[in-house]
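The residues making up each chain are set out below.
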Amino acid sequence: MEGSEMRNRADAGPSEPGRDTRDGSTQTDSFGPRLSKVNLFTLLSLWMELFPQEQLEEDDHSEVAKTSAVFQIRRTGLVVARDSKVVGLHCSGPELHAGQAAIIQHGASLADCQLYFSRRPCASCLKMIINAGVSQISFWPGDPEVSMLGPPSEAALDAVATEKLKSNSRPHICVLLQPLAPGLAQFVDETSRECDFLERMSDDEPGLNTEELFNRYGTFLFCISTTSEQHREILTHMGLENFCVEPNFSNLRHNMGELAELLAAVAAGVPQQRYGFHREQHSTPEPSPAEASPPPHHDGLSQEVARHCIIQARLLAYRTEDPKVGVGAVIWAKAASDGTGALSLVGCGYNAYPAGSHYAEYPQMDNKQEDRQRRKYRYMVHAEQNALTFRSGQTRHIKPEEPAMLFVTKCPCDECVPLIRGAGITHIYTNDRDRDKDKGDISYLRFGSLKSINKFIVSTRMGGGSCGTPLRWYGCVGKHSGPAEQESHRRKKLCTNRPHGPPAVRSQNNNSSQK
Ligand SMILES: Nc1ccn([C@@H]2O[C@H](COP(=O)(O)OP(=O)(O)OP(=O)(O)O)[C@@H](O)[C@H]2O)c(=O)n1
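Since the structure is predicted, the reported quantities are computational estimates derived from the model, not experimental observations.

## Overview of the packing of helix 6 (residues 184–193) against helix 10 (residues 248–268)
Where helix 6 contacts helix 10, the axes come no closer than 8 Å and their chain directions differ by 15 degrees. Taken together, the axes of helix 6 and helix 10 lie roughly parallel to each other. Considering the relative orientation of helix 6 and helix 10, their crossing is left-handed. Here Leu 184, Val 188, Asp 189 and Ser 192 of helix 6 come into contact with helix 10, specifically with Leu 262, Ala 265 and Val 266.

Printed below as a string of structure tokens:
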């Protein structure tokens, strides 16, 4: 392992200092514990591995598929970060591995980037990535891309080659896992159960058992499902013997388990069934249930892909710096052709104070604070604004011929609508809970009159939810109003008056924030 470093930060202390609570005494709400950047990137890479797979084209790819099966090539997810900002989200496709897709898209601009893989990449990917001059390669310490659970010969050859590449390379090749901030797992679990998507369903179908729906989808694990013995064997073959000794091994499995459960909880908050994004029709009355049968696909984007992307946005929201409301946004354009089908990342972000600033220096109050100077609104950069500012690079300017899709966990506000339109976004996927509200310092009045952009609003299937059941569409003005809505609005917050949980964790210096 000369020249490279295998680091386990699994037993490092909290990744970020505690939040400055100078104003805490007057704050009734405070955002919960925060996801560390390393863990966000790790989670996004794991989630990318599950990007809905495009159908293999029989003629072109069947041979590739057969070869992959023989060599047990596992699908892999990849996050490319530059200066701690996500500039690429990739996954293996029918033909290209995730690492190869990244090389094709970014080329030499991978230099000095940090790569987060959901599996240790195979030697053919690794050599190209090292060659591109990346500064760091981190991978999830489970079964590698050339699976150790398959035929041994290929895996053994690949393991020898990757070890040699590691020992001769400049970039740090390592395992980076951080423990979750205290209380984060519980916070994510609670907020996922109260997620807008589940909440909307229970509002509309009061009898619906959302708890059951939540639990049903919360089961996938990343190499946590292998037995301890198998896992030890895999680690040993990968040259990670140092993880096999106690207490390292238990710490590693514990940290992996926590992250996998967190991802499962976030994904479970956006159920696959009884739910979907549906295009809002302009100037036409809401169709009756009998007429309403939106196709499963719209503009070529399946419900599965839309769900996948909004879950990415929800993961980003757990990096918020807003004391009250976490919002995440991700923008994809139709362009590339790796495992993401025809999608290529434009940018992503979450709501936060301006990059490089000290959180505590800024007002943090909401509009319940009478002194307007102490309100956060003039300082907080919105999720969409960060996603548009920190795009993936020159190549990711939004081109008129490439439909650009924004997935955002909260309805765009009046400050963001002109930016979104001006940037050339063609599709918005969101929910419409605050739509048409004027809250004084922030208002949501312009979204409704936005006609030039296709709007897809989360809606739920009515009356049993079998595939043939007609759908009822939402996105209608003023649907939620009155005390019930206000109560529901109060509960919708990612964190509102949490009865328990540890003190909030906050970075005082957000130099490295993804903006
Ligand atoms: N599309 C949006 C909408 C809102 N925000 C974020 O959400 C915050 C405002 O949230 P909102 O719920 O409208 O207002 P609050 O005053 O926080 O809460 P309340 O509902 O109690 O008024 C903004 O500061 C911003 O951080 C965002 O990032 N992107």
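Structure's up, so let's keep going.
## A few points about the pairing of strand 4 (residues 136–139)
Where burial is concerned, the two faces of strand 4 agree: the one with Gln 136 and Ser 138 and the one with Ile 137 and Phe 139 are both buried. With 4 bridges joining them, strand 3 (residues 114–117) and strand 4 adopt parallel strand pairing. Bridging from a neighbouring strand, Tyr 116 pairs with Ser 138 of strand 4. Running through helix 4 (residues 123–131), the crossover from strand 3 to the neighbouring parallel element strand 4 is right-handed. The pairing of strand 4 with strand 5 (residues 172–174) spans 3 bridges and is parallel. Residue pairing in the sheet places Gln 136 in a bridge with His 172 of strand 5. Traced from strand 4 through helix 5 (residues 152–167) to strand 5, the parallel crossover comes out right-handed.

## Examining helix 5
For helix 5, with 16 residues, the first-to-last C-alpha span of 22 Å sits near the 22 Å given by 1.5 Å per residue. The complete set of buried residues in helix 5 reads Ala 155, Asp 158, Ala 159, Thr 162 and Lys 166. For helix 5, the angular spread of the buried residues around the axis is 105 degrees, confining them to a single face. Exposed and oriented more than 90 degrees from the buried face of helix 5 are Ser 153, Leu 157, Val 160 and Lys 164.

## A few points about the environment of Gly 32
Among the secondary structure elements, Gly 32 is positioned in the segment before helix 1 (37–49). Overall, the relative accessible area of 0% leaves Gly 32 in the buried class. Considering only alpha carbons, one finds Gly 32 and Glu 321, 289 residues apart in sequence, at a separation of 9.8 Å.

## A few points about the nonpolar core
By size, the foremost hydrophobic cluster in this structure holds 98 residues, and its most contacted members are Leu 115, Leu 262, Phe 277, Leu 315, Trp 332 and Phe 407. Ranked by residues supplied to this core, first place goes to helix 10 with 10 residues. Among residues more than four places away in sequence, those in contact with Phe 407 are Leu 301, Ala 306, Cys 309, Ile 310, Ala 313, Gly 328, Ala 329, Val 330, Trp 332 and Tyr 429. By size, the runner-up hydrophobic cluster in this structure holds 27 residues, among which are Ala 383, Leu 388, Ile 420 and Ile 442.

## Looking at the environment of Met 201
Relative to the elements of secondary structure, Met 201 occurs in helix 7 (residues 196–204). Remark: the alpha-carbon pair of Met 201 and Ser 459, spanning 258 residues in sequence, is separated by 7.9 Å.

## Points about the sheet that holds strand 2 (residues 85–91)
Spatial strand order, 2-1-3-4-5: 5 strands in an open sheet with mixed pairing. Each edge of the sheet is formed by a strand with only one pairing partner; in this case those strands are strand 2 and strand 5. Going across the sheet, the axis of each strand differs from the next one's by a mean of 15 degrees, ignoring polarity.

## Some remarks on the confidence of the model for the protein
Counting all residues, the mean pLDDT for the protein is 77, and 72% of those residues have values of 70 or more. Of all secondary-structure elements in the protein, the lowest mean pLDDT belongs to helix 14 (residues 482–492), at 35, while strand 3 reaches the highest, 98. Across the predicted assembly, pTM comes out at 0.82 and ipTM at 0.91.

## Brief notes about unusual backbone geometry
Each neighbour pair has its own omega, and for Glu 246 with Pro 247 the value is 5 degrees, a cis peptide bond. Notably, Ser 84 is not glycine yet its phi reads approximately 65 degrees, a positive angle. One can find Ser 84 in the loop between strand 1 (77–82) and strand 2. A positive phi angle, close to 70 degrees, is found at Asp 436, a residue other than glycine. Relative to the elements of secondary structure, Asp 436 occurs in the loop between strand 12 (427–430) and strand 13 (454–460).

So, how was this worked out
- Counting restarts for each chain, with residues numbered from 1 along the sequence as it is written.
- Reporting in this predicted model follows two pLDDT cut-offs: at least 70 for local features of residues, and 80 or more for side-chain atom pairs to be given and counted; totals over whole chains, interfaces and linings ignore these cut-offs and use all residues.
- Hydrogen atoms and water are omitted, and side-chain values are computed over all heavy atoms in the structure.
- Only C-alpha atoms enter the line fits that serve as axes; for helices the fit covers just the stretch in contact. Angles between N-to-C directions range over 0 to 180 degrees.
- Secondary structure counts use DSSP, requiring at least four H or I residues in a row for a helix and at least two E residues in a row for a strand, with both numbered from the N terminus.
- By the definition adopted for this analysis, an angle is roughly parallel if under 35 degrees, roughly antiparallel if over 145, roughly perpendicular if from 65 to 115, and oblique otherwise.
- Each helix crossing is assigned a hand: it is left-handed if the near helix lies turned anticlockwise from the far helix by less than a right angle, otherwise right-handed if that turn is clockwise.
- Any two residues whose heavy atoms approach within 4.5 Å at even a single point are treated as in contact.
- Exposure is judged per residue with a 1.4 Å probe applied to protein chains only, and the accessible area is read against the type maximum: over 50% gives exposed, under 20% gives buried, and values in between give partly exposed.
- Pairing between strands is defined by DSSP: at least two bridges between the two strands are required.
- Orient the strands so they point away from the viewer; a crossover is then right-handed if the path from the first strand over the helix to the second runs clockwise.
- The span expected for a helix works out to 1.5 Å for each residue beyond the first.
- The directions considered for the arc run from the helix axis to the C-beta atoms.
- We call a set of buried residues a nonpolar core when its members are Ala, Val, Leu, Ile, Met, Phe, Trp, Tyr or Cys and they connect through side-chain atoms within 4.5 Å of each other.
- The pLDDT score gives, residue by residue, the confidence of the prediction method on a 0 to 100 scale.

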